[in-house]
Structure formats: C-alpha cells, structure tokens
Amino acid sequence: MESVPTTWIIELLGGLRAICGEVSVSRFRTQRCRLLLAMLAARPERVHSREELGELLWPDEDPQRQRLRLRGELSELRTGLGEDIFQKSGNIGVKVRPGITSDVAHFDHYLLTAVRASTPEQRLPSLRAAAALYKGDLLPGFYDDWSVRERERLKAGCFDVLTRLALDLETVGCADEAHLLRRELASRFPEQALPPLPTPRPPSDGGVFLEGLDGYYGREADVLAVREWASKPPKGERVLTLTGPGGMGKTRLSRQALPEAIFVPLAEVSDAHAGFFEAIHVALALPKGDAPPREQIVYALNQQDAPLLVLDNFEQIVTHGARLVEGLLKDIPALRCVITSRRRLGIRGETERVLEPLPHAPSVALFLDRARRARPDFAQNPSTLPVVEEIVGLLEGLPLALELAAARSVVLGPVQMRDQLTARLRFLVNRRHATSERHRSLRAALDWSIYLLSPELKRIFARLSVFRGGWSLEAAQTVCEGCGMEVLDALDELHSHSLITVTFDPETETPRYDMLVVIREYAEEVLAESGDEAVTRSRHAQSVEEMAQRVQVCFKEQGVGAMQRLLGKDLENLRRGMDWAERAESYDLLYSWLDVLGGKLFEGGHSSDFERLMDLVDGHMKDERALMRFCCLRGALLRRQGKEEGAALYWDRWLYLAEKLGDDKSAKWALYQLAHQCIDRNDVQGCKRYLSNLEKKGGDEFNKGVIKCRLYLLLGDFEIAKKLAMNCINDLTKNIKINQGEILYIIDALLQCNENRTAFNFAKLLLYEVTESRNTFYVARCLGFMAIALEKLEEIEDAYSAYSLAAIKHQELGSRFIAKSQQDLEDFLVRHKNAPKWGQSDEAILWNNLQVRRTYSESHK
C-alpha cells in the first residue's frame with residue numbers, strides 16, 4: 001500500500017467527502033461507515049468512547065454486537081483512508097490521528113474566534129471564513145439523532161454568522177456587500193431573515209416607536225408562524241395565545257402578523273362581564289340597538305366566512321373571560337381567536353406560543369435603529385459598537401426595554417447609557433410619548449403583572465428575588481416555605497404569568513428556574529416593602545447549605561465533572577449566601593460550606609471564592625478537627641500562590657493536629673504534601689525526614705514511590721529515578737485510582753529522564769481528564785509539560801501553542817508558576833528565533849492549533 005497522505009479534510013457541510021490534495025473519496029461501503037467518519041471528524045480533538053459510538057450508531061443492538069460492528073466499520077475506514085487514520089488510544093476510545101480535520105471543526109473555530117473578538121474589524125475575517133465554509137446543511141439525507149441534532153446546531157451557527165457579518169459590514173460602511181448578504185439571509189432563512197437597517201431618520205416628535213410597523217426586528221419566525229396558524233389552523237385548534245412578560249412585543253406581533261384581523265383592545269377592561277362584549281362591539285363598529293351586544297356580535301360574525309379576532313391584553317380578565325371566549329367559539333363555528341396575554345386561558349382548543357427575548361443580533365439592530373431615529377449620529381464610530389453590545393446584553397432582548405433605552409440617545413452617549421443601566425427600572429422610562437400608560441416605563445408594565453397575582457403568589461414571587469443565577473426546585477421550596485401556597489404550584493403559576501423562565505438540563509432534564517434581571521429588580525423592591533427580607537435571606541443561606549450537600553452526593557455518585565457542573569450553576573447563590581452569613585456572623589454555617597465545598601472550589605479554579613470562605617472563618621473555629629481541615633486547605637492555597645513559608649507553617653500545624661487527634665489518614669496525606677514541598681524547595685533532608693515518618697506509618701506505596709522518584713532526581717541519580725517512574729507507570733496502567741497531582745509529578749519525572757513520548761502521552765490523557773473536571777491549575781501544569789515534550793519531539797508550532805496557553809492559564813489563576821511559565825515561553829522564543837513569526841495570543845486559536853492542526857512526522861508514530 002502507498003504511504004498515507006499527511007492531511008485529510010473531511011467535508012461534511014453539503015455532503016460527505018474526504019479530500020487530500022487531488023485525492024477525493026466519497027464512496028464508503030455503508031451508511032454507518034459514513035456516519036462514523038462524520039462523528040469522528042466533526043470533533044477531531046476528542047477521544048470518542050467506543051460505547052458511546054456503538055450506542056449512537058446501533059441503538060437497538062446489544063453492547064457486544066455494537067462492539068463487533070464498530071470494529072468492522074473502523075476497519076473499512078482504514079481501508080479507504082489509510083491504515084493509520086486513527087491515533088492509538090487503546091481499546092477504550094477512538095480518535096482520528098493529528099492531521100485529519102473537517103470543515104465543521106474549522107467552522108466552529110472561526111465562529112468562536114468571532115464571538116471573542118471585540119470590534120467589527122477583528123470579527124470580519126473570521127466571519128467571512130466561517131460563511132465561506134458553510135456550503136450546505138450537515139449530511140443531507142441523514143436522519144439519525146446525532147445528525148439531526150448537529151445539523152440544527154450548525155444551522156443556528158450559520159444564521160448567527162451571517163447575521164453578525166451583515167451587521168458588521170453595515171457598521172464599517174460596506175453597504176453593498178451587506179445588502180447582498182441580507183438577500184442571502186432571506187433566501188436561506190426565510191423565517192428568520194434579518195431585515196436591512198433602515199436609513200436613520202428622526203421621529204417628528206422625538207418619541208419612541210412602539211406601534212409603527214417599519215423597522216421590525218427579530219420576530220420573523222413568529223410572524224410567519226402566526227400567519228400560518230391563521231390561514232390553516234390545525235384541526236381542533238381555534239385559539240392561539242401569544243404569551244410573554246410585559247414589554248415582550250405581543251401586541252406589536254399580532255398587528256404585524258395579522259393586519260386584516262379584527263383588533264379588540266382590552267387593556268382598559270377590568271371586568272369581563274361588564275366590558276368584554278362592549279369592546280368587541282366597538283371594534284366591529286356595530287350600531288347600537290335593542291339587542292344585547294353579545295347577540296349582535298354573534299349574528300355579525302356568523303355572517304363572515306372565517307372571522308378572526310385579535311383579543312389584545314387579555315390577562316386581567318382571564319378568570320372569567322376564558323368562559324366567555326368558549327361561549328363565542330361554540331356559537332360562532334367559523335370563529336378563530338388570536339389572544340395576547342401574559343398568561344394562557346387554559347381552554348379547550350387553545351395553542352400557546354411563548355415569545356422569547358430577542359436574539360442578540362436583532363436586539364442590536366432594533367436598538368441602533370431606534371436610537372438613530374432619535375439621534376442620527378448615535379454610535380456612528382465603530383469603536384462604540386462593543387459598548388452598544390454591552391447595553392443590549394444588559395437589556396436581555398426585551399423589546400420595550402431596548403426601545404426605552406434607545407430613546408435616551410437624545411441626551412446620552414453609549415458609555416453614559418451603559419452606566420445608567422445599573423438601575424434599570426429608574427432609567428427605562430419614557431417621559432415624552434408612548435402608546436399606553438403601561439408602556440411608558442418597564443415599572444408600569446410590571447405593576448400590571450403583579451396586580452394580577454394573589455397575595456400568596458406575590459409573596460413567593462418576592463422571595464424568589466433572593467436568588468442569583470437561577471434556582472432549583474429544592475432551593476425554592478426551602479426559601480418559600482410557609483407562604484401559604486404549594487411552591488411547585490406557585491412556580492407553575494408564575495411561569496404561566498410569564499414572570500419566571502424554566503430551562504431543562506439537556507442530559508438529565510432537571511428544571512432550573514430564573515427571572516429576567518429587570519423582573520428580579522422589581523421583585524426585590526416588593527420584598528423590601530413586605531418586611532419579609534430578613535427571613536428570606538436566612539432561608540436562602542439554608543438553601544445554599546442544602547445545595548452543598550447535593551454537590552457532595554453528586555461528587556460521590558457521578559464524579560468530578562458532573563459535580564463541578566452542578567456547583568457552577570449555584571456559585572452566585574453561594575456568594576450571596578456568604579454575604580448574608582458574614583453580616584449575621586454565622587461562622588458555623590460558613591465553616592460547613594468550607595468543609596464541603598472548599599476543596600471543590602479550589603480544584604475547580606474558583607480560588608477567590610475559596611479564599612474568601614477561609615478568610616471569613618479564620619479565627620472563629622473552636623473545634624480542632626475543623627481547624628485541622630482549615631490548615632490543610634489554607635496551606636494548599638498559599639502554596640499555589642507561591643507563599644511557601646506560610647504553606648509550610650499551616651501544613652505543619654495540620655500534621656500536628658492530625659497526630660493529636662489520631663487521624664492516621666490525614667497525617668499520611670500531610671506528610672505526602674510536606675515531602676513534595678521539600679523537594680520543590682531543594683530540601684533533601686526535610687524530604688527524607690517526612691519520608692521516614694511515612695515509612696513508619698505504612699503509607700501508600702504508589703505515593704511513596706512518587707516521592708522517592710522525585711528525591712532521586714533531585715540527587716541526580718536518573719537511573720534509579722527512571723526505574724521508580726516506570727514502576728509508578730505500571731500502577732497507573734492497572735487503573736488504580738490515583739490523585740491527578742501525583743500523575744503530574746510522574747510526567748515531570750519522565751521528562752527529566754528523557755522519556756518524552758511516554759510523558760507526552762500521559763500529559764495528553766491527563767489534560768482531557770482535568771479539562772473535564774475543570775481543574776484549571778492542573779490544566780496549566782499539564783500544558784507546560786506537554787510543551788516541553790512537544791519541543792523535544794520537534795513539534796515546534798504545537799510546543800509554542802502549549803507554552804503560550806500554559807502562561808495564559810497561570811496568569812489567570814495567579815499561581816506560583818506565573819513567572820516560570822512566562823520565562824519558559826520567552827526562552828522557547830529565543831531558542832527558535834529563526835522559526836516562523838509567532839506572536840499569536842488568542843486563546844481559542846492557540847487551542848485550535850494545539851488540538852486540531854497537529855501533524856506528527858512518521859518517525860514519531
């Protein structure tokens with residue numbers, strides 16, 4: 001067989017094809033073979049689990065059959081693309097070798113680079129590159145779960161790329177190119193196409209444009225859906241209810257989508273029995289007569305072929321009005337109703353369409369359009385666009401908020417406007433003009449929503465404002481206990497009033513609840529006025545304690561990665577709990593959080609939260625076991641910060657307390673840490689002393705072996721050190737559960753013994769693990785060792801990426817290796833000054849260079 005080409009590009013967008021130079025392969029023996037190649041090439045940096053691949057490809061087969069069939073398809077790919085298409089990764093996972101990538105991988109990279117750029121000029125090259133790559137949808141003709149899911153993800157990414165590109169081109173003055181791109185958007189995404197930015201023009205009265213039908217952004221899909229429903233409603237569906245919080249644009253959508261419908265404003269109707277039929281009677285322009293309004297309405301609408309009513313602002317009469325709508329539907333067989341409301345009616349034949357906040361790009365377009373109508377020269381300098389994007393982000397895609405903020409452009413620039421948004425409810429007020437009292441400010445819109453709540457529900461709504469970053473059902477039940485209403489029923493009711501949001505974890509389908517920030521600010525005001533604030537904050541702290549226990553259970557049952565994801569969701573709530581506990585001087589509670597979460601915060605890279613917890617409890621622990629734990633954690637943090645003397649003092653205290661309390665396990669671990677610290681400080685005698693104590697206590701053989709290996713390296717006896725390192729490697733291959741920090745010591749020893757390929761392989765595997773567990777410090781250390789190995793293996797460009805990333809991560813952490821990692825990078829650049837120009841500092845590109853582009857020579861395989 002001929003030698004395998006070094007680089008394959010797997011095209012997945014628009015169809016599947018493998019290309020290498022002039023060689024093109026598009027035929028494979030089976031559909032599953034094509035799908036397997038797509039899965040591997042879409043994520044070329046990832047080691048794919050064989051079990052996962054088998055389940056995705058043959059979900060109905062038993063595991064043994066899945067393994068056999070996977071082996072056959074892998075063999076087929078080797079036949080078609082070369083024997084060494086895969087990187088050796090044992091029998092656990094499958095990974096394509098370096099040098100094989102895909103258009104999907106490059107598209108994701110360019111999109112990520114564009115997202116992280118801060119100016120249009122920086123974004124445009126990446127956006128153009130991503131747009132050029134998207135030649136069609138992913139794997140047309142494939143309808144398995146993976147293909148459908150990835151296809152939808154990439155289509156959304158394509159829409160985002162084209163939208164951002166159109167807006168950036170408009171910003172830098174490329175109007176013709178932007179116009180052509182919008183035509184492409186309209187053709188490719190007719191349901192979401194971004195309309196062109198209108199020519200800036202000031203309104204005649206300087207007011208806010210709430211009801212005009214021009215300059216409509218971000219609701220194209222909703223408009224089409226409403227029109228489609230109105231023209232061909234599904235069988236049995238006669239009511240479409242558009243729901244969402246106040247200011248979400250429900251009225252505007254109904255007018256935009258159905259200009260021909262009979263529009264019935266109900267905002268001023270507070271009594272359904274007294275005003276509902278009168279409002280419809282007026283909208284139909286029926287003459288006053290002797291017959292009751294309802295009878296006239298029924299007669300008039302029955303004369304029409306397909307009468308369509310838009311009942312606007314229905315929420316305040318839902319309780320009694322829903323039955324009146326049902327009665328009209330019964331007496332007028334052809335009648336259909338589109339209803340705008342902050343809550344659904346709950347009647348038979350009703351379909352609900354929830355209006356979500358506007359996506360980012362349409363929000364920017366809407367804000368700029370309205371601001372430039374008020375002041376045509378607003379944000380014309382491209383350098384102000386990042387501030388505009390910040391403003392839009394703070395307004396969370398709420399159309400009324402965007403328009404109210406934009407109206408302030410007559411007196412404020414972007415920077416001043418952003419600064420004023422620290423108090424949204426006070427700032428977002430229109431004092432010039434609005435279509436209705438409820439749209440003069442966000443506060444007025446929310447006042448109307450809260451007026452509709454029962455006292456018990458209002459109390460729960462207020463209490464939920466204590467959360468930050470969302471909350472779980474369990475946390476809500478703790479905080480809202482004793483409010484006179486079942487919490488689950490209350491959450492359901494608040495969601496139906498469009499006052500809270502619900503999202504579901506894609507893996508576990510666990511619900512998580514949240515509020516828009518402006519709604520939370522309003523709820524906080526309600527809480528402050530209720531006199532309930534003190535008990536609410538106390539209960540919130542209790543919910544944080546319960547969260548900590550759930551995190552501990554998750555760690556034991558599901559592992560580090562799942563635990564860190566769970567903890568990450570509630571970091572803001574933990575910080576808010578610390579604020580309360582500090583003011584309340586609740587030191588027992590603070591120590592409880594430190595005991596359960598301290599190590600997890602430390603390893604997860606949340607050093608500032610970890611340090612704050614320790615500072616809060618320092619000096620307030622009376623229990624010696626608690627003090628022992630504190631000394632262990634404080635020493636670890638001080639060592640990571642490079643404060644070796646302080647770390648040694650705390651760890652000696654840790655060892656003393658462990659021996660005093662008879663805690664043999666803790667004493668051994670203290671001796672391990674102290675011995676390693678002695679080695680790092682070149683203290684041979686200190687290391688021997690701690691190692692001797694370990695021998696007496698019968699410490700773990702692997703950990704003692706690591707210490708001895710490092711000690712012999714310090715003494716210069718590389719032969720013995722190498723033998724000890726290999727013994728440790730044998731233990732690692734036996735799947736013994738070993739601390740990741742000890743593996744880092746072994747990798748360092750292998751590099752010092754010039755076992756560069758072995759060191760690199762272990763560093764690569766460990767990097768995957770520590771990235772999954774979000775241990776940023778170990779990620780940084782791992783990258784540093786990978787850099788050394790790659791340089792010794794003459795993979796110079798990859799080594800540069802690894803050295804640079806290590807320096808970036810240590811800088812982010814403020815670790816003791818900041819200076820060393822920076823010096824290692826500078827020394828590398830000196831050694832390779834004749835290499836191609838470096839200078840790349842974008843973290844996303846460095847990761848891409850390290851994990852996607854790597855192409856090892858045949859001599860290193």
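Every value quoted in this text rests on a predicted model; they were computed, and no experiment measured them.

Cut-offs and rules
Throughout, a residue's number is its position along its own chain's written sequence, starting from 1. This being a predicted model, a pLDDT of at least 70 is required before a residue's local features are given, and a value of 80 or more before pairs of side-chain atoms are given or counted; all residues contribute to the totals for chains, interfaces and linings. Only hydrogens and water are set aside when side-chain values are computed; all heavy atoms of the structure are taken into account. Here a strand is any run of E in DSSP of at least two residues, a helix any run of H or I of at least four, and the numbering for each starts at the N terminus. Under the rule applied, a polar contact is a pair of N or O atoms within 3.5 Å (in protein, one hydrogen donor and one hydrogen acceptor; residues adjacent in sequence only if both atoms are side-chain atoms). We call two strands paired when DSSP finds no fewer than two bridges between them. Working rule for helices: expected span equals 1.5 Å times residues minus one. We call a residue buried when its accessible area falls under 20% of the maximum for its residue type, exposed when it is over 50%, and partly exposed in between, using a 1.4 Å probe and counting protein chains only. In what follows, salt bridge is the name for a side-chain nitrogen of Lys or Arg lying within 4 Å of a carboxyl oxygen of Asp or Glu. Any cysteine sulfur atom paired with another within 2.5 Å is treated as part of a disulfide. Between N-to-C directions, angles cover 0 to 180 degrees, with each direction set by a line fitted to C-alpha atoms, over the stretch in contact for helices. For classification purposes, angles smaller than 35 degrees are called roughly parallel, those larger than 145 roughly antiparallel, those between 65 and 115 roughly perpendicular, and all remaining angles oblique. Rotating anticlockwise by less than a right angle from the far helix to the near helix defines a left-handed crossing, while the corresponding clockwise rotation defines a right-handed one. Two residues qualify as a contact provided that any one of their heavy atoms is within 4.5 Å of a heavy atom in the partner residue. Under the convention adopted here, Pro, Cys and the residues Ala, Val, Leu, Ile, Met, Phe, Trp and Tyr are nonpolar, Asp, Glu, Lys and Arg are charged, and Gly plus all remaining residues are polar.

Draft legend 1. Up close: the side chain of E521. The residue E521 is located in helix α22 (residues 517–530) in this model. Engagement of the side chain of E521 in a polar contact is seen with the side chain of R424, the distance being 2.8 Å.

Draft legend 2. Structural context of the pairing of strand β1 (residues 8–11). When β1 meets strand β7 (residues 100–102), the two strands line up parallel, connected through three bridges. Across the sheet, residue I10 finds its bridge partner in β7, namely S102. Bridge count between β1 and strand β2 (residues 17–20): three bridges; the pairing is antiparallel. What sits directly across from E11, in β2, is R17. Connecting β1 to the next strand, β2, in antiparallel fashion are five residues, including G14 with a positive phi near 95°.

Draft legend 3. Structural view of helix α37 (residues 796–813). For α37, spanning 18 residues, the distance from its first C-alpha to its last is 26 Å, which sits close to the expected 26 Å at 1.5 Å a residue. A large share of α37 lies buried, amounting to 13 of its 18 residues. Phi turns positive one or two residues past the end of α37, at G814, with a value near 70°.

Draft legend 4. Broad picture of the pattern of salt bridges. Counted according to the given criterion, the structure contains 56 salt bridges. Between R370 and D369 there is a salt bridge, with the nearest N and O atoms lying 2.4 Å from each other. Among the residues examined, R370 registers a relative accessible area of 5% and is labelled buried. A relative accessible area of 4% places D369 in the buried class.

Draft legend 5. Focus on the state of the cysteines. Under the definition given, this model contains zero disulfides. C709 supplies the cysteine sulfur nearest to C728, a cysteine that is in no disulfide, at a spacing of 6.1 Å. Accessibility expressed as a relative area gives 2% for C728, which makes it buried.

Draft legend 6. Up close: the packing of helix α25 (residues 571–584) against helix α26 (residues 587–603). As a packed pair, α25 and α26 sit with axes 11 Å apart at the nearest point and diverge in direction by 150°. By the angle class used here, α25 and α26 are roughly antiparallel. Both α25 and α26 take part in a crossing whose hand is left-handed. Across from L571, L574, G577, M578, W580, A581 and E582 in α25, the residues of α26 making contact are L589, L590, W593, L597 and L601. Grouping the amino acids of the contact of α25 with α26 by side-chain chemistry returns 10 nonpolar, one polar and one charged.

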